[in-house]
Amino acid sequence: MISELTKSNLKQTSLKQSLIDAFVECRAKTLLLFQNMDEATFCSQAHPDFSPVGWHLGHIAYTESLWILERTAALPCSFPQYRKLYAADGLPKNQRVKLPSLEETCHFLDTVRDRVICHMEKTDLKQQERLYSFLLQHESQHSETISFVLELIKNQQSKNLKENSWHLSCSSSPLLPNPLNEMIQIPEGEFEMGSNSLDALDNERSRHKVYLDTYSIDRYPVTCKQYRIFMEAEGYKNRQWWSKAGWEWLQAEQATKPLYWEDNPAWYNNPVWGVSWYEAEAYAKFVGKRLPTEAEWEKAASWDEKLQCRRIYPWGNKPPTPKNCNYNNIYSQTTPVNAYPSGQSPYGLYDTLGNVWEWTNSWFAGYEGFQYYPYKGYSQVYFDNKHRVLKGGSWATRPWALRSSFRNWYHPGVRQMFAGFRCAM
């Protein structure tokens, strides 16, 4: 008969191994983005609002060292020369272009990681599991930022996204029937929003009940074919579709199409992406709809009406696989919105996780009883009525940051990340 002590030790061993495996897997995916990268790309600031990809790589190591080695293990800082460079509040973004080489940065990463693994192997992780989960998601989020900064660089260099075998293989797939009218009615009632799980970030907590009246929401994200109708109707020139703030943004930005627009029928079934909240809002008004609130989106994506319970993922509680959605840089681009029938939500929505983030009509704010973790600067400083919530993840989102309760946030004028939307009524 197995004793309680033995069971506890077995659980601890299993927890350690699963965390170590996750850290190794996540790091391998991050480093894949830097294969054969030249120095100019590594140090390039593709946009004033975003740091070079090389800075993000160093910041990942810096953050891991700060929270695990210094604050948890009480070890001295191993690389004090990098503290000002890689701290989030150390240097302005335009001063982060003078960076150590990729080789030196990888040495920094490897040294910190070796010491972190050593600490993990000799300590009781149960008390620190939430912190390790946070750091895993922290790297995942910066890895995604690296992906879209690289996409910005590629976009600036070519001005046209290159086709690859996925788009060629999907170019013959049938266009969705009457896509503008394909909506699902979500009945009135309560549902559970947010999450209390150990991996839930501070802004996801706590799970709470929300009542919503009956509403309708698009089965699919808005496709390039649909959005093209808005463009051909001179939607970018017609003031009537834009809010006051949106029109001011448009005049300043001088946008005439989504940032990652590809004028090719092979993309018609794919979600439009590289759009700001203002563009999404204008399109929704153009078709006589609106953007869903965060609560409406989350209910439609995760609530099981029959069982009266929330799901972690639209398809259930098992982690994502390549059969459920487009994530984790599997294709490094969008896929048709009808490509993953096994990833549907209980209400029948497609593509709620992965492919593109989806703008909602909600401002980013804390739930009742919000408590910051592990520091105020992660979420709380953005509760300023200046950031809109995005849901669902993109093709570059790592599995550790992919779930229905996960919340992303950006200024409504930002269009550089991999964002699209669906509409509601």
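See the structure above.
Residues numbered from 1 in each chain as written. Predicted model: local features only at pLDDT ≥ 70, side-chain atom pairs only at ≥ 80, totals over all residues. Heavy atoms only, no water.

S.K.: Account for the overall build of the protein, with residues named and values stated.
M.R.: Secondary structure assignment for the protein yields eleven helices and ten strands. Its C-alpha atoms give the protein a radius of gyration of 22 Å, within 12% of the compact-globule value 22 Å for 425 residues. With the principal axes as the frame, the protein shows a C-alpha extent of 60 × 55 × 45 Å. Within the protein, buried positions represent 56% of all 425 residues. A fraction of 78% describes how many contacts in the protein between residues 6 or more apart in sequence connect residues 24 or more apart. Accessible surface, the protein: about 19,000 Å² in total, of which carbon and sulfur atoms supply 51%. Between the centroid of the 47 positive side chains of the protein and the centroid of its 46 negative side chains there is a distance of 1 Å. (Helix = DSSP H or I, 4+ residues; strand = E, 2+ residues; numbered from the N terminus. Rg over C-alpha atoms; globule rule 2.2 N^0.38 Å. Buried < 20%, exposed > 50% of the residue type's maximum accessible area, 1.4 Å probe, protein only. Contact = heavy atoms within 4.5 Å. Areas by Shrake-Rupley, 256 points an atom, 1.4 Å probe, with all protein chains shown as cover. Lys, Arg positive; Asp, Glu negative; His and termini not counted. Charge placed at Lys NZ, Arg CZ, Asp CG, Glu CD.)

S.K.: Outline the environment of cysteine 77, listing residues and values.
M.R.: Residue placement: cysteine 77 occurs in the loop between helix 3 (53–70) and helix 4 (83–86). Given the relative accessible area of 24%, cysteine 77 is considered partly exposed. Each C-alpha atom of the pair cysteine 77 and serine 143 lies 24 Å from the other, and the pair is 66 residues apart in sequence. Once residues within four sequence positions are removed from consideration, cysteine 77 is found in contact with Glu70 and Arg83.

S.K.: Quick one: what's the story with the pattern of salt bridges, residue by residue and with numbers?
M.R.: Per the counting criterion, the structure on display carries 22 salt bridges. The salt bridge involving aspartate 263 is made with arginine 228; its shortest N-O contact spans 2.3 Å. Within this pair, whereas aspartate 263 is found in the loop between helix 9 (244–253) and helix 10 (277–286), its partner arginine 228 is found in helix 8 (residues 224–232), the two being separated by 35 residues in sequence. Among the ionic contacts, a cluster of salt bridges with common partners joins Arg27, Glu64, Arg113 and Glu139. (Salt bridge = Lys/Arg side-chain N within 4 Å of Asp/Glu carboxyl O.)

S.K.: So what's going on with the packing of aromatic side chains? Which residues, and what values?
M.R.: Considering all chains together, one arrives at 44 aromatic pairs under this definition. Measuring from centroid to centroid gives 5.8 Å for tyrosine 236 and tryptophan 242, while their planes differ by 50°, and the two rings are tilted. Of the two residues examined, tyrosine 236 and tryptophan 242, each falls in the buried class. With a centroid separation of 6.4 Å and 45° between ring planes, the pair formed by tyrosine 283 and phenylalanine 286 is classed as tilted. With tyrosine 283 and phenylalanine 286 both in helix 10 and three residues apart, this pair spans about one turn of that helix. With a relative accessible area of 1%, tyrosine 283 lands in the buried category. (Phe/Tyr/Trp six-rings, centres within 6.5 Å; stacked < 30°, edge-to-face > 60°.)

S.K.: Tell me about the side chain of lysine 289, and please be specific about residues and values.
M.R.: Here lysine 289 shows up in the loop between helix 10 and helix 11 (294–302). In terms of polar contacts, lysine 289 uses its side chain to reach the side chain of aspartate 218, at 2.9 Å. (Polar contact = N/O pair within 3.5 Å; in protein donor to acceptor, adjacent residues only side chain to side chain.)

S.K.: I'd like a rundown of the sheet that holds strand 7 (residues 357–363), residues and numbers included.
M.R.: The four strands are arranged 9-8-7-10 in an open sheet whose pairing can be described as mixed. The outermost strands of the open sheet, each flanked by one partner alone, are strand 9 (408–410) and strand 10 (419–420). The sheet contact formed by strand 7 and strand 8 (residues 388–391) spans three bridges and is antiparallel. Within strand 8, the residue paired with tryptophan 359 across the bridge is leucine 390. (Pairing = 2+ DSSP bridges.)

S.K.: Just give me the short version of helix 6 (residues 129–158), but keep the residues and values in it.
M.R.: Under the 1.5 Å per step criterion, the end-to-end length of helix 6 is 44 Å for 30 residues, consistent within 8% with the ideal 44 Å. Of all 30 residues in helix 6, 23 are buried, a share of seventy percent or more. (Expected span 1.5 Å × (residues − 1).)

S.K.: I'd love a proper account of unusual backbone geometry, names of residues and values included.
M.R.: Cis geometry marks the peptide bond from arginine 205 to serine 206; its omega dihedral reads -5°. Following the sequence through the fold, serine 206 ends up in the loop between strand 2 (189–193) and strand 3 (208–212). Cis geometry marks the peptide bond from tyrosine 373 to proline 374; its omega dihedral reads -5°. Relative to the elements of secondary structure, proline 374 occurs in the loop between strand 7 and strand 8. Backbone geometry places serine 332, a non-glycine residue, at a positive phi of 60°. Tracing the sequence through the fold places serine 332 in the loop between strand 6 (309–310) and strand 7.

S.K.: Explain the environment of proline 221 to me, and be specific about the residues and the numbers.
M.R.: Within the secondary structure, proline 221 sits in the loop between strand 4 (215–218) and helix 8. Residues proline 221 and leucine 349, 128 residues apart in the sequence, show an inter-C-alpha distance of 9.1 Å. The residues contacting proline 221, other than those within four sequence positions of it, are Gln226, Pro271, Val337, Tyr350, Asp351, Glu358, Phe421 and Arg422.

S.K.: Residues and numbers for the packing of helix 3 against helix 5 (residues 102–121), please.
M.R.: Two quantities define a packed helix pair, namely the angle between the helix axes and the distance between the axes. The contact between helix 3 and helix 5 brings their axes to 9 Å, and the two run at 25°. Relative to helix 5, the element helix 3 lies roughly parallel. Classified by chirality, the crossing of helix 5 by helix 3 is left-handed. Residues Gly54, Leu57, Gly58, Ile60, Ala61, Tyr62, Glu64, Ser65, Ile68 and Leu69 of helix 3 touch helix 5, and the partners they reach there are Leu102, Thr105, Phe108, Leu109, Val112, Arg113, Arg115, Val116 and His119. Classifying every residue of the contact of helix 3 with helix 5 gives eleven nonpolar, five polar and three charged. (Axes fitted to C-alpha atoms, helices over the stretch in contact; angles between N-to-C directions. Parallel < 35°, antiparallel > 145°, perpendicular 65-115°, else oblique. Left-handed = near helix turned anticlockwise from the far one by under 90°. Nonpolar A, V, L, I, M, F, W, Y, C, P; charged D, E, K, R; others polar.)

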